[in-house]
Amino acid sequence: MSIRIQDVTFRYDGRTALDTICLDLPEGGLTVLCGVTGSGKSTLLRVISGLVPPAAGSVTYGDGPRDPGVVSIVFQQPETQLFAGTVYKDIEYGLEQRKVPKASRPELIRNALGKVGLAYEEFSERSPFLLSGGEKRRLCIAGAIAANPQLLILDEPTAGLDPQAAQSLLEMIAGLKQNGLTVVVGTHDLESFFPLADQVVVMSQGSVYYSGPAGPLTADPALLGTAGLELPAYARIGNTLRQRGLLAGQPGSTAELLAALREQPIPRTAAAGTPPAAVRSSSAADSLASAPASVPTPASASVTASATASAPALASAPSAASIPASASVPASASVTASTTASASASASAPASVPAPADVPAPATIHAKPAPKTTGTARWQRLDPRVKWLGMVLFSLVILGMHSLLPLLGAAALLAGLLSSADISWRRMVWFFRPFVIMFLFLWILSSLSWRSPDFSIGPLGFSTSGFLQGGISISRFLLLIGLGFLFTETTTGSPLREGLEWAIAPLGKLGLAVRNVSLAVSITLQFVPWILGKLSQLQLALNSRGRQGSRLKRWTPRQVFLLLVPLLILVISMGDELSSAIESRGYDPRKKRTPSYILVWRRTDTVAAVSILLAAALLRWLSLAG
Ligand SMILES: Nc1ncnc2c1ncn2[C@@H]1O[C@H](COP(=O)(O)OP(=O)(O)OP(=O)(O)O)[C@@H](O)[C@H]1O
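Residues numbered from 1 in each chain as written. Predicted model: local features only at pLDDT ≥ 70, side-chain atom pairs only at ≥ 80, totals over all residues.

Enquirer: Is there a simple way to think about the overall build of the protein in this case?
Expert: When you go through the protein residue by residue, the secondary structure sums to 23 helices and 15 strands. Counting the 626 residues in the protein, one finds 34% classified as buried. In the protein, the share of contacts with a sequence separation of at least 24, taken over all contacts with a separation of at least 6, comes to 68%. (Helix = DSSP H or I, 4+ residues; strand = E, 2+ residues; numbered from the N terminus. Buried ≥ 20, exposed ≤ 12 C-beta atoms within 10 Å, placed from the backbone. Contact = placed C-beta atoms within 7 Å.)

Enquirer: How do you make sense of the packing of helix 16 (residues 384-399) against helix 20 (residues 493-504) when you look at a structure like this?
Expert: For any two helices packed against each other, the geometry comes down to the angle between their axes and how far apart the axes lie. The N-to-C vectors of helix 16 and helix 20 enclose an angle of 70°; their axes lie 8 Å apart at closest approach. By the criterion of interaxial angle, the relationship of helix 16 to helix 20 is roughly perpendicular. Taking contact as the criterion, the partners of Pro-384, Arg-385, Lys-387 and Trp-388 in helix 16 are, on helix 20, Pro-495, Leu-496, Glu-498, Gly-499, Leu-500, Trp-502 and Ala-503. Among the residues making up the contact of helix 16 with helix 20, the classes are represented as seven nonpolar, one polar and three charged. (Axes fitted to C-alpha atoms, helices over the stretch in contact; angles between N-to-C directions. Parallel < 35°, antiparallel > 145°, perpendicular 65-115°, else oblique. Nonpolar A, V, L, I, M, F, W, Y, C, P; charged D, E, K, R; others polar.)

Enquirer: Can you help me understand the site of the ligand in this one?
Expert: Around the ligand, the neighbouring residues are Tyr-12, Ala-17, Gly-35, Thr-37, Gly-38, Ser-39, Gly-40, Lys-41, Ser-42 and Thr-43. With three residues, helix 1 (residues 41-49) is the largest single contributor of residues to the shell around the ligand. (Near = placed C-beta within 6 Å.)

Enquirer: Would you explain helix 6 (residues 163-178) in this entry?
Expert: Count 3.6 residues to each turn of an α-helix, and residues three or four apart come out pointing the same way. Over its 16 residues, helix 6 runs 22 Å from end to end, which matches the ideal 22 Å to within 8%, given 1.5 Å per residue. Count one or two residues on from helix 6 and you reach Gly-180, which has phi positive near 95°. (Expected span 1.5 Å × (residues − 1).)

Enquirer: Would you mind going over unusual backbone geometry with me for this structure?
Expert: Among all residues save glycine, negative phi is the norm, and among peptide bonds the norm is trans. With phi around 60°, Lys-99 is a residue other than glycine that occupies positive phi space. Structurally, Lys-99 is set in the loop between helix 2 (87-97) and helix 3 (105-115). For Lys-99, a count of 9 C-beta atoms within 10 Å translates into the label exposed. Even without being glycine, Asn-148 reaches a positive phi, approximately 50°.

Enquirer: So what exactly am I meant to see when it comes to the UniProt feature "transmembrane region" (unreviewed entry) in the protein here?
Expert: UniProt feature "transmembrane region" (unreviewed entry): in the numbering of this structure it lies at residues 388-418, 430-450, 470-489, 560-579 and 600-622. The span residues 388-418 carries 87% helix and 0% strand; its end-to-end C-alpha distance comes to 16 Å. Counting secondary structure, residues 560-579 comes out at 100% helix and 0% strand; the distance between its end C-alpha atoms is 28 Å. (UniProt positions renumbered as here; feature names shortened; annotations may be inferred.)

Enquirer: What am I meant to see in the packing of helix 17 (residues 404-420) against helix 23 (residues 603-625) here?
Expert: Look at helix 17 against helix 23: their axes get within 8 Å of each other, and the N-to-C directions meet at 155°. Taken together, the axes of helix 17 and helix 23 lie roughly antiparallel to each other. Pair helix 17 / helix 23 crosses with right-handed handedness. Of the residues in helix 23, those in contact with Leu-405, Pro-406, Gly-409, Ala-410 and Leu-413 of helix 17 are Ala-615, Leu-619, Leu-622 and Ser-623. Residue classes in the contact of helix 17 with helix 23 are distributed as seven nonpolar, two polar and no charged. (Left-handed = near helix turned anticlockwise from the far one by under 90°.)

Here is the structure:
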C-alpha cells in the first residue's frame, strides 16, 4: 500500500512539531525516517499511522482513507504497549479487535511469535510484564504483524536489542518487505537500516530536510552532517578509501564493504618508519580489520595494522556482493532547506543532490523566529511562593464553599487563570475528562434515594438535597484539581520545591523534616502529569491494536480495565527508580545543599500576591454571604 502525505502540520499545545510535510512512501518499500532527537520522527509516525489527526494536510492510504485493519504501529517504549496477562492473550487482543475468527488465531499467533524469534511453547503462556526489554519489543512487533497488515510502522525497533537480536530483527523486516509489506522505520540506527532502505527521509526541526535514496547521503558526509547526523561507519570507511583511490565505488553496507575489500587487494605502500620487510600486498579488509570506524589515520598507518580479531567476520562476508561504481544521484532525491524564519513551506530542490558546496551552512538551515513570550512563560517567571500562597489560600476558600454562587465565581476565576497561562482547550479537556466521568458517576450515586425519593428516572429514585449536595462537593473537588493542574502546568520541579521549602522552613524548628516534606510534595505533584502522559501513551497503544478512527477519544470500560495493570506497574517501577536515583545521589536531609533555583521576589510578584489576597477575600465573602 503506498502512502501520500500532503502538507501535514501537527502541533502540541500550539507548538509546531511538524511543518507542512509532503512525502510519498512507495508501496512495498522500506522508508527510513531519521533525524536528531526532537526532529519530529515519532510524531510523523503517529500521524502516518492515523492514530493522531494532523492539524492541517492529509494522509492518503493507497487510493483512499485508512482502513484501521491494515496499519500497524510499534511504539518506541515496549513497556507502554503490553496489556494482557499472557503473551498469547496480548497478541490475541489485536486480532480480536480486527475481527479475526477465533479458530484462525492460534496459527497466526504461532506464526507471528516465530517470525520475531520467540518460541511459541516457551513464551505463549508467560506474562508480558516479566519479559526482558528485548523480548518485550519483539512481542510488540509480533502483535503488530500477527494480523498481516499492509503498512508496518516501527519506532526505534532496534533500541535496546543485543546485536544478535537486532540482526534477526533486521532479517525479519527484510523478509516482510520481500513479501510486499510497506514498512516505515523511525530510527537513529543508520548503520542497520540504510542498507535496507528504498527511501531515506531526514527530518530537521519538524520539516523534511532530505528525501531520496541512501546512496547520495552516504556519499556526501556534509548532507547528513548539516542535519546533525553522522554517517554510518561503513560509509565513512568507504569514503576514506575512495578518496585515496583504494575503492572503486561507495559500499551500501558493511557486508558490501568487506566483500569489496576482500576482492580488491590493496598494494601496501612503504610508510615512514615501516620496515621494508612489511611492504607487501594484502587485502584491504585485513588492513581495516582493526582500524577505527572513522579511519582518521593515514593510509599507510592502516596498512600496517594486522588483521586478527575480525578475521571470522570477514570470512563470512558475501564475496559476490557488488558495489555501485559511484554514488550517482537519482533525480528523485531532494534536499530541503528553509533559510528564513517564515520559509515554513521550505524551498525544495527536487533536482539533484548538490555537491558539498551547495549544502546550506548549518547556521542558515531552519532558522526559527525568536520565541514570543507566552502566557505559560509569564506564569513560569512568577515567584513560586506567590503560587503556593494562591494554591493554599484558594484551596481553603474553595473547601469552605457550600453554595452555587461562590463556586461559580471560583470556576470563572480558574477558567480565566488557565486561559491566561495559554493552556490549550484540548489539553484541559484531555486532563479533566477522566475526572469528569468519574465524578459524574459519583454524583449520580450520591443523589440516589431508595426510601423517600423526590423524583424518579425509570426504576431509580433521587433526592433533591442529595443531588445538590453531591453537585457542590463534586464541583469543589473539580476546582481543587483544576487549581493543582494550573500550578503544575506552570511550575517546574525546582521552583515548586524551593518555594515550598521556604514556606515551611519555620516548621523545621518544631522538628518537621522540611526537606523530606518538600521533596515528597514536589515529586508527587510532578507525578500527576507523568501519570497522565503514560496513560495517554497506553491508550494510544491500545487504540493502535484496532480501535481507531472515530472511537479514538472514548474510554471504554474494557480499555480502563486493561490499562489499570500496566499503569500500576509503570507507576511502581517509576517510584522504585526515583527512590534509587535519590539514594544513589547520596541524598541526606541533614546535609546543606545548593539550591537548584534562586528565589527572587519582583514587583510583579507583589502585584500578584495582593491580587490573590483580594480575590480570596472576595470569594470568602461570597461564600459567607451565600
Ligand atoms: N506529548 C507531547 N507534548 C508536547 N510536546 C511533545 C510531545 N511529544 C513530543 N513533543 C515535542 O515535539 C517535538 C518532536 O518530538 P518527537 O518525539 O516527534 O521527536 P523525535 O524525532 O521522535 O525524537 P526522538 O528521536 O528523541 O524520539 C519535540 O520538540 C518534542 O519535545
